[in-house]
Amino acid sequence: MASPDTVKRHPPSIVPYFAGFLLLLSSIILFSSLSKPPSSSPAEEHLLAGHRASSSSSSSCNYSAGAWIRSPESDPVTARYSYGSCREIFKGWNCVSKPNARDLLRYRWQPHDCRLPSFDPLRFLRRFRNTNIGFVGDSLNRNMFVSLVCTLRQVAKEVKKWRPAGADRGFTFVEYNVTVAYHRTNLLARYGSWSASASGGDLESLGYKQGYRVDVDVPEHTWMEAPMFHDIIIFNTGHWWWAPSKFDPIKSPMLIFEKGMPVLPPVTSEQGLDMTLKHMISYVEKRMRTNAVKFFRTQSPRHFEGGDWNQGGSCRREQPLSTEQVEELFSLDKNGTNVEARLVNKHLFKALEGSSFRILDITHMSEFRADAHPSTTGGKKHEDCMHWCLPGLTDSWNDILVALLESMWTNQLS
Ligand SMILES: *[C@@H]1O[C@H](CO)[C@@H](O)[C@H](O)[C@H]1NC(C)=O
Ligand SMILES: *[C@@H]1O[C@H](CO)[C@@H](O)[C@H](O)[C@H]1NC(C)=O
Ligand SMILES: *[C@@H]1O[C@H](CO)[C@@H](O)[C@H](O)[C@H]1NC(C)=O
């Protein structure tokens, strides 16, 4: 399964038309990395050694509170966005044909209390030498994973593609021994279809005929090994807990199991989520190295307007929403189509309290970006107002991730 497929890339394969521009760009990157003092401290080579993640953020800046600033038309679209031809980008997430394709990259996230440094892939690879980084979660975590991988590929010569520790996909940036992997899991917990047995049982006697068995205390095999393998791990779950088209409360309900037995009386999927979070947080905390860094990413908001995804809902906006529009669309009181975002977060925050996880809070900043979904671009029957165009919004999630990692490190050394 883990067939190593070593891809030599030298120089990065790019459309010749852009070669001159990229050459200029890479010399700027090279220059800026040379103009910083090279890493010399041994602590720097072992970023995470001896670091213990504290539950309270020691950073003084709240990277999640801020505003989107539009850069002037005269500014070139920055280095980060030149990964548009990266092969990891899933077809439906490539927005070149979207009317606002270039425009949506002109927005930069500006936290109120500090400046969010722009991502420097070379600096990142040097700083995180000998580090394994895992994304564990649904396709929205894959979207974030692709953003990171494609950004790093721009500066890496040798990239090995493989599937570490049960991952769906993964890449090692060989010169730096940095591995980034994606472990696919919708619920974190193991689940599978269930149907009534002829010999009967507790669920059968309650009238259940079919559904999905969710074992809230058993991690899905796709990421079971991930906590032992990675040094930095980023979790998410949420969308599938509110997916009535799959887990229809009547036709195909979630049936919550714990210790191999159905929970009786049956509980709702919201309670199932709480139980899953409790078990999975404890599973990870027991198994990861003490100096490992654990993040839980908050829920990514969807922007369906005029109906849900399968009811003709759309997201044709070409500009970010205003604060008022955000509240209109997402406030819990309104209980609108996209209410899931803040609802999931309530469960997450409660479950993470007192844990050693850090929270990567990207919900509110993303709520503004109704313009940044693929919408009709993928050419599918339904509009995609859930995933994000790449390059695009999840680049900013990674900017925040890196800023948090760097601030932890700075605080540790000082
Ligand atoms: C950071 O900002 C977000 C978005 O405004 C807010 O929800 C959150 O409570 C803030 N966090 C802290 C620790 O103040
Ligand atoms: C690469 O990094 C991993 C993770 O830190 C480490 O276990 C491994 O020994 C490293 N390999 C080399 C050749 O340094
Ligand atoms: C929110 O809306 C959904 C669907 O429209 C409905 O099923 C649910 O009962 C509502 N919840 C609340 C708390 O009003």
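Residues numbered from 1 in each chain as written. Chains lettered and ligands numbered in written order. Predicted model: local features only at pLDDT ≥ 70, side-chain atom pairs only at ≥ 80, totals over all residues.

Looking at an unreviewed UniProt entry, one finds the protein chain named Protein trichome birefringence-like 13 isoform X1, with Iris pallida as its source organism. Word for word, the UniProt comment on the protein chain under Subcellular location (unreviewed entry) is "Golgi apparatus membrane". Per UniProt, the protein chain carries the Sequence similarities (unreviewed entry) text "Belongs to the PC-esterase family. TBL subfamily." (UniProt positions renumbered as here; feature names shortened; annotations may be inferred.)

Peer 1: Could you give an account of the overall build of the protein chain, naming the residues involved and the relevant values?
Peer 2: When its secondary structure is counted, the protein chain shows 11 helices and 14 strands. Here the protein chain holds 414 residues, and the buried ones make up 40% of them. Within the protein chain, counting contacts between residues at least 6 apart in sequence, those at least 24 apart form 78% of the total. (Helix = DSSP H or I, 4+ residues; strand = E, 2+ residues; numbered from the N terminus. Buried ≥ 20, exposed ≤ 12 C-beta atoms within 10 Å, placed from the backbone. Contact = placed C-beta atoms within 7 Å.)

Peer 1: Which residues make up the sheet that holds strand β11 (residues 254–258), and what values go with them?
Peer 2: In spatial order, the strands read β8-β9-β11-β12; together these four strands make up an open sheet with mixed pairing. Pairing within the sheet leaves two strands with one partner each, and these edge strands are β8 (189–195) and β12 (261–262). Here two bridges tie β11 to β12, and the two strands are oriented antiparallel to one another. Bridged to E258 within β12 is M261. Its contacts with the sheet place helix α7 (residues 269–287) against β8, β9 (210–219) and β11, and it is angled at close to 25° to β9. (Pairing = 2+ DSSP bridges. Axes fitted to C-alpha atoms, helices over the stretch in contact; angles between N-to-C directions.)

Peer 1: Outline the environment of Q319, listing residues and values.
Peer 2: Within the element layout of this structure, Q319 appears in the loop between β13 (293–297) and α8 (323–330). By C-beta crowding, Q319 is classed as partly exposed, having 15 other C-beta atoms within 10 Å. Sequence separation between Q319 and D371 is 52 residues; the distance between their C-alpha atoms is 5.3 Å.

Peer 1: I'd like to hear about the environment of K91, residue by residue, with values.
Peer 2: Mapped onto the elements of the fold, K91 is located in the loop between β2 (66–70) and β3 (107–111). K91 gets classed as exposed once you count the C-beta atoms within 10 Å, which come to 9. It is 9.2 Å that separates the C-alpha atoms of K91 and T377, two residues lying 286 residues apart in sequence.

Peer 1: Please set out the nonpolar core residue by residue, giving values where relevant.
Peer 2: By size, the foremost hydrophobic cluster in this structure holds 88 residues, and its most contacted members are F145, V149, V180, A189, V214 and L401. With sequence-adjacent residues up to four places away left out, V180 is seen in contact with I133, F145, L148, V149, G170 and F171. Grouped together as the second largest cluster of nonpolar side chains are five residues, F304, C315, A370 and C385 included. (Core = buried A, V, L, I, M, F, W, Y, C linked by C-beta atoms within 7 Å.)

Peer 1: I'd like to hear about helix α4 (residues 139–153), residue by residue, with values.
Peer 2: Look at α4: 20 Å from first C-alpha to last across 15 residues, which is about the 21 Å you get at 1.5 Å a residue. Along α4, 14 of the 15 residues are buried, which leaves the element largely enclosed by surrounding structure. (Expected span 1.5 Å × (residues − 1).)

Peer 1: Pulling in residues and values, what's your account of the packing of α7 against helix α9 (residues 340–352)?
Peer 2: Relative to each other, α7 and α9 sit at 35°, their axes nearing to 10 Å. Where α7 crosses over α9, the handedness of that crossing is right-handed. For the pair α7 and α9, the contacting residues are L273, D274, L277, K278 and I281 in the first and H347, L348, A351 and L352 in the second. For the contact of α7 with α9, the class distribution of residues is six nonpolar, one polar and two charged. (Left-handed = near helix turned anticlockwise from the far one by under 90°. Nonpolar A, V, L, I, M, F, W, Y, C, P; charged D, E, K, R; others polar.)

Peer 1: Any chance you could break down the confidence of the model for the protein chain for me, citing the residues and the numbers?
Peer 2: Do not read the fine detail of predicted coordinates wherever pLDDT is low. Taken as a whole, the protein chain shows an average pLDDT of 86; of its residues, 84% reach a score of 70 or greater. Across residues 1–58, confidence stays below pLDDT 50; counting only partners more than four residues off in sequence or on other chains, it has 61 contacts. (pLDDT = per-residue confidence, 0-100.)

Peer 1: Tell me about the environment of N186, and name the residues and values.
Peer 2: Counting through the fold element by element, N186 comes out in the loop between β7 (178–184) and β8. The contacts of N186, once residues within four sequence positions are left out, are D138 and W240.

Peer 1: Talk me through unusual backbone geometry; I want residue IDs and the actual numbers.
Peer 2: Of note, the bond from L264 into P265 is cis; its omega dihedral lies within 30 degrees of zero at -10°. By secondary structure assignment, the location of P265 is in the loop between β12 and α7. Each neighbour pair has its own omega, and for L390 with P391 the value is -5°, a cis peptide bond. Here P391 lies in the loop between α10 (363–367) and α11 (393–413). A positive phi angle, close to 60°, is found at N130, a residue other than glycine. One non-glycine residue, K259, adopts positive backbone phi at about 50°. Inspection of the secondary structure puts K259 in the loop between β11 and β12.

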